[in-house]
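In case you want the letters, here they are:
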Amino acid sequence: MVPFPTPNRRRVYLMRHGAVTYFDATGRPVLPETVPLNEEGRRQASAAGQAFANENIVFDRVIVSGLPRTVETAQRVLAEMPAMQQRGVTLEQWPELQEIRGGKLAEIPEHEVAQAFIGAFAGTVPEDRRFLNGESIGEFLDRVIPALTHLRTQPDWDTVLLVLHGGTNRAILSHAITGGQRVFFGNLAQTAGCINVLDVGDDPADWVLRMSNFAPPSPVHLGSRLTTMEVLLQQYLRFRRPAA
């Protein structure tokens, strides 16, 4: 009998940043590069940190995209974890893992607005589909997948926390659950402040999804059944002025 080689897998905790407010009181978009967590987002981040602390989890590395909402989320997570405070782990900023980049909302024709908002997050999304007339899914995968591969080549970690974005998380999850394929499933829900748990082995196809979209403040996802982009579309349309 051929002995079964025990897989050597490492653990990836993949979070989405906490909730933010993308439109001000007048309906004007806030620059996504600068938007901070709102009150709900701060509560979500702290709840995630408490969930990790309750399980005595310790991270070897903590990686964020560098955008303020991921940095603040990670900081609030670590603030709830005494063991991590003792370690003094420094946040690593990987800009290649930033959210899929949109274009200028005002330049999107009225009849294309709905598709521009939600088309990149519906079903299996073709690579030529663009998000808000900005970056395409293919261009997005061109930067996310190599970054993920690079992380896997680094031997200095066993347990890592990634605090990223809804779209970035979907790209990583899609890659993982298909055994390393280049694909983007837009309908993988990623609630603000959620936690995903992945194990990854030495073989490029060796991925195990342990948990997806666990949201500590509301584990059973009470409330709205709209997606994040559907909510944002509603908010934008409420204030968008018809073209002259």
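Residues numbered from 1 in each chain as written. Predicted model: local features only at pLDDT ≥ 70, side-chain atom pairs only at ≥ 80, totals over all residues. Heavy atoms only, no water.

Caption draft 1: Molecular detail of the overall build of the chain. Tallying secondary structure elements over the chain gives seven helices and six strands in all. Taken from N to C terminus, the helices and strands of the chain fall in the order β-α-β-α-α-β-α-α-β-α-β-β-α. In terms of C-alpha radius of gyration, the chain reaches 18 Å, essentially the compact-globule figure of 18 Å for 244 residues. If you line up the chain on its principal axes, its C-alpha atoms span 75 × 40 × 30 Å. When each of the 244 residues of the chain is scored for burial, the buried share is 48%. In the form shown here, the chain has an accessible surface area of approximately 12500 Å², with 53% of it arising from carbon and sulfur atoms. Charge separation in the chain, taken as the distance between the mean sites of 24 positive and 26 negative side-chain charges, equals 4 Å. (Helix = DSSP H or I, 4+ residues; strand = E, 2+ residues; numbered from the N terminus. Rg over C-alpha atoms; globule rule 2.2 N^0.38 Å. Buried < 20%, exposed > 50% of the residue type's maximum accessible area, 1.4 Å probe, protein only. Areas by Shrake-Rupley, 256 points an atom, 1.4 Å probe, with all protein chains shown as cover. Lys, Arg positive; Asp, Glu negative; His and termini not counted. Charge placed at Lys NZ, Arg CZ, Asp CG, Glu CD.)

Caption draft 2: Region of the structure containing the packing of aromatic side chains. This model, assessed by the stated rule, comprises eight aromatic pairs. Three or more aromatic residues joined by ring pairs form one cluster here, namely Phe121, Phe131, Phe140 and Phe184. Across the ring face of Trp157, the terminal group of Arg10 is positioned such that the distance to the ring centre comes to 3.9 Å. (Phe/Tyr/Trp six-rings, centres within 6.5 Å; stacked < 30°, edge-to-face > 60°. Lys NZ or Arg CZ within 6 Å of the ring centre and 35° of its normal.)

Caption draft 3: Representation of helix α6 (residues 166–177) within the structure. The terminal C-alpha atoms of α6, which comprises twelve residues, lie 16 Å apart, in line with the 16 Å expected from a rise of 1.5 Å per residue. Listing the buried residues of α6 in full gives Gly166, Gly167, Thr168, Asn169, Arg170, Ala171, Ile172, Leu173, Ser174, His175 and Ala176. Just past α6, the residue Gly179 takes up positive phi, approximately 70°. (Expected span 1.5 Å × (residues − 1).)

Caption draft 4: Looking closely at the pattern of salt bridges. In the structure shown here, the tally under the stated rule is twelve salt bridges. The salt bridge partner of Arg11 is Asp199, with a shortest N-O separation of 2.3 Å. Of this pair, Arg11 sits in strand β1 (residues 10–16) while Asp199 sits in strand β5 (residues 195–200), and the two are 188 residues apart along the sequence. Arg182 is the partner of Asp142 in a salt bridge, and the nearest nitrogen-oxygen pair spans 2.8 Å. Of this pair, Asp142 sits in helix α5 (residues 137–153) while Arg182 is found in the loop between α6 and β5, placing the two residues 40 residues apart along the sequence. Connected through shared salt-bridge partners, Arg11, Asp199 and Arg210 make up one network. (Salt bridge = Lys/Arg side-chain N within 4 Å of Asp/Glu carboxyl O.)

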